[in-house]
Amino acid sequence: MATQTLPAGTQGAPAQTAAQDKAPAASRREPGKTRFDVIVVGAGPAGVSAAITAAKAGLSVLILERGDYPGSKNVMGGVLYRQPTDVILPGFWREAPLERHLVEQGYWLMSERGATKFSYRGEDWDAEPYNAFTVLRARFDRWYAQQAEKAGAILVPETTVDEVLVRDGQAVGVRVGRDQGEIYANVVILADGVNSLLAKSLGLHQEWEPHTIALAVKEIIALPREKIESRFQIEGDQGVAYELLGSISKGMVGIGFLYTNKDTISIGMGCMLSDFARTGIKPYELLDQLKQHPAIKPVLAGGETREYMAHLIPEGGYNSLPKLYMGGLLVVGDAAQFVNALTREGSNMAMISGHLAAMTAIRAHQRGDFSAASMAYYRDLLENSFILQDLRRFRKIMPFVESRHELITVYPELLAELLQDFYTVDSVPKTQLFRRMMRKIRARRRWTSVLGDLWKGLRALS
Ligand SMILES: Cc1cc2nc3c(=O)[nH]c(=O)nc-3n(C[C@H](O)[C@H](O)[C@H](O)COP(=O)(O)OP(=O)(O)OC[C@H]3O[C@@H](n4cnc5c(N)ncnc54)[C@H](O)[C@@H]3O)c2cc1C
């Protein structure tokens, strides 16, 4: 992997005027010359996407990553979507280290002793260009960052950015925890993930509220390829991805997942920090219990845990957006809270927001204007994209779910009981069976409440 040291000449370089910025990007990278056009903080999907787009346009780009290598500390379920990645790197799936392409996706509503499964399997997903893939981030991120290097970006791992340098309200560079100290750029792109201490130190956001952040734990469980394929009825590089909801979160707002990789299974569970604090339940206990669930245990049987990891997910959505830009600076990906918890979208928003930030940086360089007014173009691009449109549309959903824990505690269990009754043939006439089922519904939740849940759920989506 790339350069381990910072390029000479970047240290303490003087601030450059817009007019000086007309020099070709390559000359600005030479030792002893000036600074970078763009510094990207963080080599996750958001940062690397920004770097690829900016470097392809001829800007000089420096990526600073605190991990030993990109992906070394990154966690995702992880479903990677084809279309957004294709925007950044057309045809990436032919070379990228992907696990499996998804042919089936669905939701499992988990009750204590069973699961009601809704899923879709599509033949169209089984051929190029595919719909989505499973990935292991340690492998994918590393490869993805290499594509940024191929495009001309300089990657420096093992380097933590401690501070964004600000002069007269304008970001002008960063200070890193290495000898080289200060590095300057016209545009700094903050892609430093969910905590984004840097955005916080700039006053772009306050401390995140515990009910807007989920804590997820994940295990990668090794199993022979043939076992995975027979248990999930797949072959070759086909894969499946299921989201798991219901009793498994013990009344907390949360979701689990089960995805197939080549010779491992990714299984995990995440709930809101506020719920963990309220209930005192430990995340790893939740995952251990999930692995013992009767619908899960058989598909993991004989598997060996290869990795265990934990990570935060920003789930506050539109209501928690930080300030997304200031003069000379743009915030992308998880650092900007761009996650749609309901539809399990995060990597795609990270990539496209990185791409849009790079487009803003490119335009700013063409105009020689790095002011806040110029950076505001990023917000316009986001408003016109699915990112802010979807986050705005779904902004009432999380508060709705948080206010109605019955959605998690009552309905999956009730559905399981009703289906169990329906499929049990015991010589009881159907009229009696239906009456019994109705009585069960009434006992668990009044009809008015059921209708109220439905109505409010639909309104939360409107
Ligand atoms: C358990 C789990 C499951 C998920 N499943 C899915 C899924 O299936 N599909 C999906 O689309 N999304 C999923 N997500 C969400 C997705 O992982 C994120 O939305 C996405 O990774 C965000 O990318 P990012 O580049 O913004 O941040 P990150 O991937 O977190 O990358 C940030 C990078 O910045 C680096 N960094 C941080 N601070 C500094 C600093 N000061 N200096 C230098 N470097 C720094 C970090 O080391 C890291 O490499 C999941 C998340 C979790 C936790």
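Residues numbered from 1 in each chain as written. Predicted model: local features only at pLDDT ≥ 70, side-chain atom pairs only at ≥ 80, totals over all residues. Heavy atoms only, no water.

Things to note about the site of the ligand
- Lining the immediate environment of the ligand, one finds 35 residues, of which Glu 65, Val 79, Arg 137, Asp 334 and Ser 347 sit closest.
- Between Gly 77 and the ligand, the recorded distance is 2.8 Å, taken from a backbone N or O atom to a nitrogen atom.
- A distance of 2.7 Å separates an oxygen atom of the ligand from a polar atom in the side chain of Asp 334.
- Taking 1,000 Å² as the accessible area of the ligand by itself, protein coverage stands at 95%.
- Elements that contribute at least two residues to the shell around the ligand include exactly α2 (45–56), β3 (79–81), β15 (304–314) and α10 (347–367).
- Classifying every residue of the shell around the ligand gives 17 nonpolar, 12 polar and 6 charged. (Near = heavy atom within 4 Å. Polar contact = N/O pair within 3.5 Å; in protein donor to acceptor, adjacent residues only side chain to side chain. Areas by Shrake-Rupley, 256 points an atom, 1.4 Å probe, with all protein chains shown as cover. Helix = DSSP H or I, 4+ residues; strand = E, 2+ residues; numbered from the N terminus. Nonpolar A, V, L, I, M, F, W, Y, C, P; charged D, E, K, R; others polar.)

Looking at the nonpolar core
- Core analysis: the largest hydrophobic core is formed by 83 residues, its most contacted members being Val 61 and Phe 338.
- The element best represented in this core is α10, accounting for 10 residues.
- Composition of this core by domain shows at least three residues from each of domain 1 (19–74 + 138–205 + 322–384) and domain 2 (97–134 + 210–317).
- Dropping the residues within four chain positions of it, Val 61 is found in contact with Phe 36, Val 38, Val 40, Ala 51, Ala 54, Ala 55, Ala 153 and Ile 154.
- Ranked by size, the runner-up nonpolar core spans 28 residues in total, among them Leu 223, Ile 265, Phe 276 and Leu 287. (Core = buried A, V, L, I, M, F, W, Y, C linked by side-chain atoms within 4.5 Å. Buried < 20%, exposed > 50% of the residue type's maximum accessible area, 1.4 Å probe, protein only. Domains from an automatic or database assignment. Contact = heavy atoms within 4.5 Å.)

A short note on the domain arrangement of the chain
- Under the domain assignment used here, the chain contains domain 1 (19–74 + 138–205 + 322–384), domain 2 (97–134 + 210–317) and domain 3 (398–461).
- The centre of domain 2, based on its C-alpha atoms, is set 25 Å off from the matching centre of domain 3.
- Taken together, the contact between domain 2 and domain 3 spans 17 residues of the former and 11 residues of the latter.
- Contact between domain 2 and domain 3 buries roughly 1,100 Å² in total, counting both sides, with carbon and sulfur atoms accounting for 69%.
- At the junction of domain 2 with domain 3, the criterion picks out 2 residue pairs in polar contact (both at pLDDT 80 or more).
- At the level of elements, β4 (100–110), β5 (115–121) and α7 (273–279) are the ones that each hand at least two residues to the side of domain 2 that touches domain 3.
- In terms of residue class, the side of domain 2 that touches domain 3 is made up of 6 nonpolar, 7 polar and 4 charged. (Buried area = accessible area lost by both parts, 1.4 Å probe.)

Some points on the layout of surface pockets
- By volume, the second largest pocket amounts to about 230 Å³.
- Around the second largest pocket sit 19 residues that line it, and Glu 315, Gly 316, Gly 317, Met 398 and Pro 399 are the ones nearest its centre.
- Looking at which element gives the most residues to the lining of the second largest pocket, the answer is helix α13 (residues 397–403), with 4 residues.
- For the lining of the second largest pocket, the per-class residue count stands at 9 nonpolar, 7 polar and 3 charged. (1 Å grid on protein atoms, 1.4 Å probe; cavity = no way out; pocket = protein on both sides within 12 Å on 5 of 7 lines; lining within 4 Å. Points joined across faces, edges and corners; volume = space filled by probe spheres on them.)

Topic: the side chain of Arg 82
- Positionally, Arg 82 belongs in helix α3 (residues 82–88).
- Side-chain polar atoms of Arg 82 contact the backbone oxygen of Pro 129, separated by 3.4 Å.
- Not counting chain neighbours up to four residues away, the residues in contact with Arg 82 comprise Phe 92, Trp 93, Pro 129, Tyr 130, Asn 131, Ala 132 and Phe 133.

Examining the packing of α2 against helix α4 (residues 137–150)
- Interhelical geometry of α2 versus α4 gives an angle of 20° and a closest axis separation of 9 Å. Here α2 is positioned roughly parallel relative to α4, judged by the angle of their axes. When you trace α2 past α4, the crossing you get is left-handed. Residues Pro 45, Val 48, Ser 49, Ala 51 and Ile 52 of α2 pack against Arg 137, Asp 141, Tyr 144, Ala 145, Gln 147 and Ala 148 of α4.
- Class assignment of the residues belonging to the contact of α2 with α4 gives a composition of 7 nonpolar, 2 polar and 2 charged. (Axes fitted to C-alpha atoms, helices over the stretch in contact; angles between N-to-C directions. Parallel < 35°, antiparallel > 145°, perpendicular 65-115°, else oblique. Left-handed = near helix turned anticlockwise from the far one by under 90°.)

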